[in-house]
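Fold and contact review
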Amino acid sequence: MNQADNPSRFFSLKWKFALLFGGLLIILNISFPLMIYWDMQHKFGFVREQIQQQYHQYLDGQLESSKSELQRLAEFVLIPANDNPTASELLDLINREQSELELGWNVSVAHVYRRDGKFLGGWGLDVPEFVSQYAIQTAENETSYSQVDCRYQCRQYLLLPVLSQDQTEYVLLLGYDISQILLAFSSKTGADLAILSSYASDDQTEDRYLPSWEKYVHGLSHFQQNINYLRQFGEIHQHDFHHMQNHVMRPAGLPIEFHMIRPQGSEDVLFVIMENISEQQEELHQSLIRNILFAVLSFLLLGSSLVLFISSPLRRLSQVSKALPLLAKQQYQLVRQSVSPPPHHQSTDELDLLETATVSLTTQLEQLHISVEKQTFALQQERDFVKNLINTAQLIIITLDQQCRITSFNQYAERITGISANEIINKPIQGFFSPEEWPHIYQALTDIKEKRSSVQQMEADFIHRKDNVRVISWMHSSLNVQNNDSVILSVGVDITEKKHNEDQILWMAEHDALTGLYNRFKFNVEFERILLHAEKVGSKGVLLVLDLDQFKDLNDSCGHNIGDQLLKRVAQVLSKVTRSTDLVARLGGDEFAILLPQTDLKGAEQFCKKIAVQLAELNFIYQHISYHISSSMGLVKFPLAGQGIDALLSNADLAMYQAKAKGKNTWHTFNIDDKTRSHLQNRILWKQKIIDALAEKNQRFIFHYQPILDLTTNKVSHYEALLRLEDADGTLHMPGSFIEVAEQTGLIHQIDHHVLKMGVHKQAEFDQLPTPISLSLNLSAHATSDPELLPRLKRLLRETGAKPGNLIFELTETAAVADYGQAKTMMLKINKLGCQFSLDDFGTGFASFRYMRELPVAIVKIDGAFIRHICDNPDDRLFVKALVDVAKGMGKKTIAEFVEDEAIVTMLKTIGVDYAQGYHIGRPKPALLDDANLSD
């Protein structure tokens, strides 16, 4: 039986709404008064807890007050005034004051005990046995003790130590009736108080016994009214008596609130505070009834309003629900008759939108048949477009079936392989890959077919019909197309040129771009490998470091292009004379290194002669002038005393400089003789000093600040931060003592980084001063070739917040022109950050004016050699005057060094120098000049 034969029962949406919202309204209207009632009960409980806490505090206060008053009475009345009272004196006093104590203070017991607990005398009977034991404790502790006890009569017992001959000899016991406390509590608070104990007094009757708790009622305000409540309470909580202590209890069915309190120090006596709260509870119930009545009225009102409100919308909704099935039968005219567009109003609701949508849908479905034919035609065109797109895309697009046979092959794939689609369709794709790569590719394709992977990416060689190989980056992915055998889509990008470029970049990273030789990085890597192999197998070799003689003069006079041509010619000569097992590299500038494995010193010296001859025969002519090319070479054998490549290169450099000292065009073999050993030991010592000084924990590198005077305003314009190395004993060392060693040992970059960090942090401090101060920092000659310097400077400026406009970097003229291109590039990048440059020791080079024009410097610092005798030497004065004029013409400031007296200052002002620096202005000191010194 199908669904048409057994239609489901119709249940109007109106009644569904009524049941749903009616149920929600009932739940909400019932929940609301219940929540209010619960909240009121919670607040009522909290208030009662606070009231009972106040009762508790008042009761404790009464007990403490009675104790304190009786203690003061005893101290002033019952204890003799002399320092050595006797037992008889104590007994006489308490006997004499008995009437006053009994009538005025309600005291019923007054005893005297010796410090060992022996009873000496007094009046009053029925004292508990524990008193003698507590008398001993009171005497030992020399402090009073109090306890409530109801064994014979409910009393508060007070034991007081009595001093005799500076020690406690006696203990005075006072016991007073606490019934007055009960009356005072009831009168003060309006609540009732009961006193319970496990002991029965002589006058106890059965109506005072509580069998549920096995307790006797020793005192109860409004006894007849409250004793039954107390018994009922005991029956309700018969088994949880001990858990109720210090808790507020409101048992169901009783109008009384109970609060059970055990006084401090008592194991037996229990106070019960009782208060009638029936009026408050009745008020809570009345409030609940009023809230429920209000909820019922709200439900009736809201329910009636809801029924009236939804009747009309539901009727319209019913019409739409009957019209919608007609659309499936294409009876569009009947739909329009049943549902008409709503009239235009300023506001619309969902039913208006539904009716509008129904009319609109009817119109759209009428036009659908015509539009289907148009869409079919458009899809045909789109399919042709996609096919053309695949064929014209500069990508290899191939589809494969389950057997990895080609099912489609676009035109770009035909062009890359030289094979047409007709030739390759239904052929295995394996033929396009080498036998070595195919297993890996087949595994990737299998993973896609078997759903272990949805995408596989790889690079592989793709073989052309003519055996040409292209490098293709493949993206294989799963393909799910109905009525088609293709299961894999393979898209390839030809990256042959990219791989070639990557190889070129890798080559450039390891080779010198000018000469094509290995660079320092690659040389160090290979030298490290060869040195380890030599140490392992016990073979010997020689390291040769070569530096061209007078290359700087030729480079400066003829230009960098001519110098580069000479370096290329020299590199060709070195490559020509070396063996295939030798290693040739350009370390930088005009310095080359050659590694000669499996060679002894004798063979290396013969090799040096060969290089000298070949360089001498190098016919290098520029502007009809023939230049004689020679070099100085340093040799060092390896392995040597466990030295690493840095030490070996340093030793070879040392030998090379010794060769230059001999007169150039020769070589020198490194030999650890006494003089050289002393030099090496000194270098090792300074190297360790530098390493220790660079350690973060030592802070041995410090700044001394030398002021620079503005000759126009006669005020200090900025300070030069001069580096000093401070030993542990406080000895200061100038840079001349350690810079050379730092350069030889490769630590110079770390010093530059340390100076940069110290200087930028110090500049950030100075920027916070009321009058900001600029700092001038010195960089080494190696800073221009340090790739880490610029990133470090950017990071330090960002972290410290230092203002780059207040930072000046000093670079010597010699350092700037040693590698002019690198120096200019670095200076331009640092200038973009906002920092300035100063050219130091200006005038020492023969091409100074040219570099002053081309380098991006803001300040030119004139070498002190031209300043020291400027007042006496007309040539110096003429040179400085010319330099200042040229600098001003180029928009640059000038600083004169070595200003040692006022006469030089006057001369510099006359010539037009901008700033002065020297001992006359101020010596380098660890701190800046203060205001007083500035005025001087």
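Residues numbered from 1 in each chain as written. Predicted model: local features only at pLDDT ≥ 70, side-chain atom pairs only at ≥ 80, totals over all residues. Heavy atoms only, no water.

By the naming in an unreviewed UniProt entry, the chain is Cyclic di-GMP phosphodiesterase Gmr, taken from Methylophaga muralis. The UniProt entry for the chain carries this comment under Cofactor (unreviewed entry): "Mg(2+)". (UniProt positions renumbered as here; feature names shortened; annotations may be inferred.)

On to the overall build of the chain, then. Along its length, the chain carries 28 helices and 32 strands. In terms of overall size, the chain is more extended than a compact globule, its C-alpha atoms giving a radius of gyration of 54 Å where 936 residues would be expected to give roughly 30 Å. Across its three principal axes, the chain shows a C-alpha extent of roughly 145 × 115 × 70 Å. Of all 936 residues assigned to the chain, the portion counted as buried reaches 44%. For the chain, the proportion of contacts with a sequence separation of at least 24, taken over those separated by at least 6, is 59%. (Helix = DSSP H or I, 4+ residues; strand = E, 2+ residues; numbered from the N terminus. Rg over C-alpha atoms; globule rule 2.2 N^0.38 Å. Buried < 20%, exposed > 50% of the residue type's maximum accessible area, 1.4 Å probe, protein only. Contact = heavy atoms within 4.5 Å.)

Here the structure, examined in full by the defined rule, presents 19 aromatic pairs. Taking 6.1 Å as the distance between ring centres and 25° as the angle between the ring planes, the aromatic pair formed by Phe433 and Trp438 counts as stacked. Neither residue differs from the other here; Phe433 and Trp438 are each classed as buried. Following the ring pairs from residue to residue traces out a cluster consisting of Phe433, Trp438, Tyr442 and Trp474. For Arg868, the ring lying beneath its charged end belongs to Phe898, and the centroid distance is 4.5 Å. Looking at Arg923, its charged tip hangs above the ring of Tyr919, at a distance of 4.0 Å from the centre. (Phe/Tyr/Trp six-rings, centres within 6.5 Å; stacked < 30°, edge-to-face > 60°. Lys NZ or Arg CZ within 6 Å of the ring centre and 35° of its normal.)

The subject of this paragraph is the domain arrangement of the chain. A common way to express how large an interface is: the accessible area buried when the components associate. Partitioning the chain into domains gives domain 1 (53-279), domain 2 (393-501), domain 3 (511-670) and domain 4 (685-917). The straight-line distance from the C-alpha centre of domain 2 to that of domain 3 is 51 Å. (Domains from an automatic or database assignment.)

As a further point, take the packing of helix α21 (residues 748-766) against helix α22 (residues 789-800). Two elements in contact, α21 and α22, have axes separated by 10 Å at closest approach and are oriented at 25°. Put simply, α21 runs roughly parallel to α22. The crossing of α21 and α22 is right-handed. Of the residues in α22, those in contact with His753, Leu756, Lys757, Val760, His761 and Ala764 of α21 are Leu789, Arg792, Leu793, Leu796, Leu797 and Thr800. (Axes fitted to C-alpha atoms, helices over the stretch in contact; angles between N-to-C directions. Parallel < 35°, antiparallel > 145°, perpendicular 65-115°, else oblique. Left-handed = near helix turned anticlockwise from the far one by under 90°.)

Next up on the list: the pattern of salt bridges. This structure, assessed with the given rule, holds 25 salt bridges. Two residues, Asp268 and Lys215, come together in a salt bridge whose shortest N-O distance is 3.8 Å. One end of the pair, Asp268, is in the loop between β10 (256-261) and β11 (270-276); the other, Lys215, is in strand β8 (residues 215-220), with 53 residues separating them in the sequence. A residue is classified by how much of its surface remains accessible, and Asp268, at 12% relative accessible area, is buried. Salt bridges linked by common partners bring Arg48, Arg250, Glu257 and Glu275 together as one network. (Salt bridge = Lys/Arg side-chain N within 4 Å of Asp/Glu carboxyl O.)

Turning to helix α12 (residues 438-449), a few remarks are in order. At 3.6 residues per turn, the α-helix brings residues three or four places apart onto the same side. Its 12 residues give α12 an end-to-end C-alpha distance of 16 Å, which sits within 8% of 16 Å, the value for a rise of 1.5 Å per residue. Those residues of α12 not exposed but buried are Trp438, Ile441, Ala444, Leu445, Thr446, Asp447, Ile448 and Lys449. Backbone geometry just after α12 places Lys451 at a positive phi near 65°. (Expected span 1.5 Å × (residues − 1).)

Another aspect to go through is the nonpolar core. In this structure, Ile690, Phe701, Ile751, Phe809, Val880 and Leu908 are the most contacted members of the largest nonpolar core, which totals 69 residues. Here this core takes eight residues from α21, the largest share from any one element. Residues within four places of Leu908 in sequence aside, it is in contact with Leu711, Ile867, Ile870, Ala896, Val899, Val913 and Ala916. (Core = buried A, V, L, I, M, F, W, Y, C linked by side-chain atoms within 4.5 Å.)

Most of β11 is tucked away, with six of its seven residues classed as buried. Bridge analysis of strand β6 (residues 192-197) against β11 gives five bridges, and the strand direction is antiparallel. Residue pairing for β11: Leu196 is matched across the bridge by Leu270. Across six bridges, the pairing between β10 and β11 is antiparallel. When the sheet's bridge partners are listed, Ile261 is paired in β11 with Phe271. (Pairing = 2+ DSSP bridges.)

We now examine the pairing of strand β15 (residues 469-478). As judged from the nine bridges shared by strand β14 (residues 455-463) and β15, these two strands associate in the antiparallel manner. Of the residues in β15, the one forming a bridge with Glu459 is Ser473. Note: β15 against strand β16 (residues 488-494), seven bridges, orientation antiparallel. Directly across from His476, in β16, lies its bridge partner Ser490.

To continue, consider the side chain of Thr894. When you line up the elements, Thr894 lands in strand β31 (residues 893-896). Sequence-distant contacts of Thr894, defined by excluding residues within four places in its chain, comprise Val860, Ile862, Leu883, Val884, Ala887, Gly912, Val913, Asp914 and Tyr915.

All right, on to the environment of Leu796 then. Secondary-structure assignment places Leu796 in helix α22. Put simply, Leu796 and Val47 are 749 residues apart on the chain and 63 Å apart in space, counted from C-alpha to C-alpha. Setting aside anything within four residues of it in sequence, one finds Leu796 in contact with Leu756, Lys757, Val760, His761 and Gly801.

The antiparallel open sheet is built from five strands, whose spatial order is β2-β1-β5-β4-β3. Among the strands making up the open sheet, the edge pair consists of β2 (119-123) and β3 (145-149). Neighbour-to-neighbour, the strand axes of this sheet turn through a mean angle of 20°, independent of strand direction. Sheet analysis places β3 next to strand β4 (residues 155-164), joined by five bridges and oriented antiparallel. Within β4, the residue paired with Gln147 across the bridge is Tyr157. Packing against the sheet, helix α4 (residues 130-141) makes contact with β1 (107-114), β3, β4 and β5 (167-177), and its axis sits at approximately 40° to β4.

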